[in-house]
Amino acid sequence: MKLRLAPYFIRQAIQNVRKNWLVHIVGVSTMVISFLIFGAFLLLFYNVDSWIHGWGDSLSMSVYLEDGIDGTAKEKVLSLIRGIPGAHIERTITKKQAFLDLKRALGREANILDGLPRNPLPASIEVVFRPSEGNKPDPGKLRKKLETFAGVEEVQYSEEWLNRFEGLMRVFRLAGLIIGGLLGLGVLFIVTNTIKLTIYSRQEEIGIMKLVGATDWFVKTPFLIEGSIQGVVSGFLSILILYSGYIILSVKKADILGLALLDFVFIPNSYTLTIFLVSVALGLLGSFIALGRFFRI
Amino acid sequence: MIQLFHLFKNFGANVALQDISLRIRKGEFVFVTGPSGAGKTTLLRLMFGVEKPTSGHILINGINLNRIGRKKLDLLRRKVGFVFQDFKLLTGRTVFENVALALEVRGERPSYVRKKAHLALRSVGLVKKEQSYPLQLSGGEQQRVAIARAIVNDPLVLLADEPTGNLDPDLTREIMLLFRTIHMKGTTVVVATHSRELLQETAQRQVILNRGRLIGEK
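Report on the accompanying structure. Numbers given to residues run from 1 along each chain, matching the order in which its sequence is written. Each chain is given a letter, starting from A, and each ligand a number, starting from 1, according to the order in which they appear as written. It should be noted that, the model being predicted, local features are given only for residues of pLDDT at least 70 and side-chain atom pairs only at 80 or more, the latter also being counted only at that level, while totals for whole chains, interfaces and linings use all residues.

Some thoughts on the sheet that holds strand β3 (residues 123-129) of chain A
All names here are of chain A. The criterion for strand pairing is that DSSP finds at least two bridges linking the strands in question. Secondary structure is summarised from DSSP: a helix means a run of H or I of at least four residues, a strand means a run of E of at least two, and numbering begins at the N terminus for each. Read from one edge to the other, the open sheet built from four strands follows the order β2-β3-β1-β4, with strand pairing classed as antiparallel. With one partner strand each, in any of the chains shown, β2 (87-93) and β4 (152-157) form the two edges of the open sheet. This sheet shows a mean twist of 20° between the axes of neighbouring strands, independent of strand direction. The axes are straight lines fitted to the C-alpha atoms, using for helices just the contacting stretch, and the angles between their N-to-C directions are given from 0 to 180°.

Written out as structure tokens, the structure reads:
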């Protein structure tokens, strides 16, 4: 194909878009909605995943001590924890302190504790792990070791429920793939039909072009560009609207989602680039399918 | 230039052409004539490769149309001009753009397209109407645009299907004069017509069809 025909093809594609602007607006709108649904899902997934990984990186552990533990046993436990690289003792909580913390947490309902014959809460040690490179503690192993110590009643660590979250994220990821796949197919269907409509509206013109010696590719190329234009516009608008939505939500997140304490970030550039490229590719592929069907007739 | 060997064409149960064998030499001017339904249009469409014969062979400039692929047929059409009875002009494009289309599909440079399209329109006397749209023109002018488009590529063969069918006698003479001018430049011209007046005024070769059969020549 001659390169000097490129301006002609682009001109033809733009003219086609202008002539069939209503069809293209419907097509682009539907594509934008589809990409927005997927983009919103991706945004949510990316943030939840980062929060979970963030929590995973700052693993915490509570070591509950038996009542009446002597000072030597407690010191042994403390020195073991201090010996673990990356482990920091956040605070040691006495039975009395634990009771006061609970009372404060209960607020007006604290009087329900008044009837207790004795303080049921154990003393504990709060440990936070800040793993450095090549130095990730194994909390399961550590718990087993600590639970063999005299005076240690129970050990709980945050990764147990993080693991449950990881399972949820796997389901989330799978759901994302299914939603993305279905939306992708939907977009492909829309583009194919949009281009088919423009082909039908220009059927006579195509026939005449063929009669004066136009090759199939000469006729097809403007339609492929037309599909790509639809993809470019849809991809760009989707990202723009998604980003605007993100900005609005970020400002109001404390009011709406109560997520003020969590860092809500926009999807990385690689993701936005992928959305854009997928949009263009689907536009191109949709036109290709439409043309394939048309030229087979 | 054009050779037909035992050509048959059926449309379902209807027989359009039966056993047509014909030879048209390079630079010849031939009328294909006969009553309506004789098979004139089908014969021209077969020569142009728009229809495929049921059996038999068609050679255009030595190329067997049965044996060439779709792409080569597209390229061959650039050497064969076709003038349709209903003009087949793009109503959304100007006169100039309609003529330029035949050059653009060949991938010609814009400067060359401008020059050639302008020359073709000058040869049919429509330079002043270059920027008009086909529906703003008379029937005769539209036919001249169609002829300009058919000759803009300097075709080896010019096929015209009832080119004066919708025109009055004055415009018919005008269009026939154009064909003769094109023929004088060396193009092989084949015109299908059922107009007795037109045929009475000419001394050119006439191929007569009736009910799909070649029944004689003048």
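Still more ground to cover, so stick around.
Let's talk about unusual backbone geometry
All names here are of chain B. Even without glycine at this site, His6 takes up a positive phi of about 45°. Counting through the fold element by element, His6 comes out in strand β1 (residues 2-11). Non-glycine residue Asn61 carries a positive phi angle of around 50°. Exposed residues have 12 or fewer other C-beta atoms within 10 Å of their own C-beta, buried residues have 20 or more, and residues in between are partly exposed; the C-beta atoms are placed from the backbone. On the neighbour-count criterion, Asn61 (14 C-beta atoms within 10 Å) is partly exposed.

Digging into the pairing of strand β1 (residues 60-65) of chain A
Residue and element names in this part refer to chain A. Covered by surrounding structure in β1 are Met61, Val63 and Leu65 only, the residues Ser60, Ser62 and Tyr64 on the alternate face being uncovered. With six bridges joining them, β1 and β3 adopt antiparallel strand pairing. Residue pairing for β3: Ser62 is matched across the bridge by Glu126. In this structure, β1 lies alongside β4, joined through five bridges in antiparallel fashion. Following the sheet pairing, Leu65 is matched in β4 by Val152.

Quick look at the interface of chain B and chain A
Counting residues at the interface gives 16 residues for chain B and 13 residues for chain A. Those elements giving two or more residues to the side of chain B that touches chain A turn out to be α2 (70-77) and α3 (95-104) of chain B. Here the term charged refers only to Asp, Glu, Lys and Arg, the term nonpolar to Ala, Val, Leu, Ile, Met, Phe, Trp, Tyr, Cys and Pro, and the term polar to all other amino acids, Gly among them. Per-class residue counts for the side of chain B that touches chain A are six nonpolar, one polar and nine charged. Note on contacts: residues are paired as contacts if their backbone-placed C-beta atoms lie within 7 Å.

Some details on the nonpolar core
In this description, a nonpolar core means buried residues of the types Ala, Val, Leu, Ile, Met, Phe, Trp, Tyr and Cys, linked to one another by C-beta atoms lying within 7 Å. In terms of nonpolar packing, the biggest core is built from 69 residues, with B:Met47, B:Val99, B:Ala117, B:Leu121, B:Ala148 and B:Leu159 touching the most fellow members. At seven residues, the largest contribution of residues to this core is made by α3(B). Counting 26 residues, the second-largest nonpolar core is a separate cluster that includes A:Phe38, A:Ile190, A:Val233 and A:Ile267.

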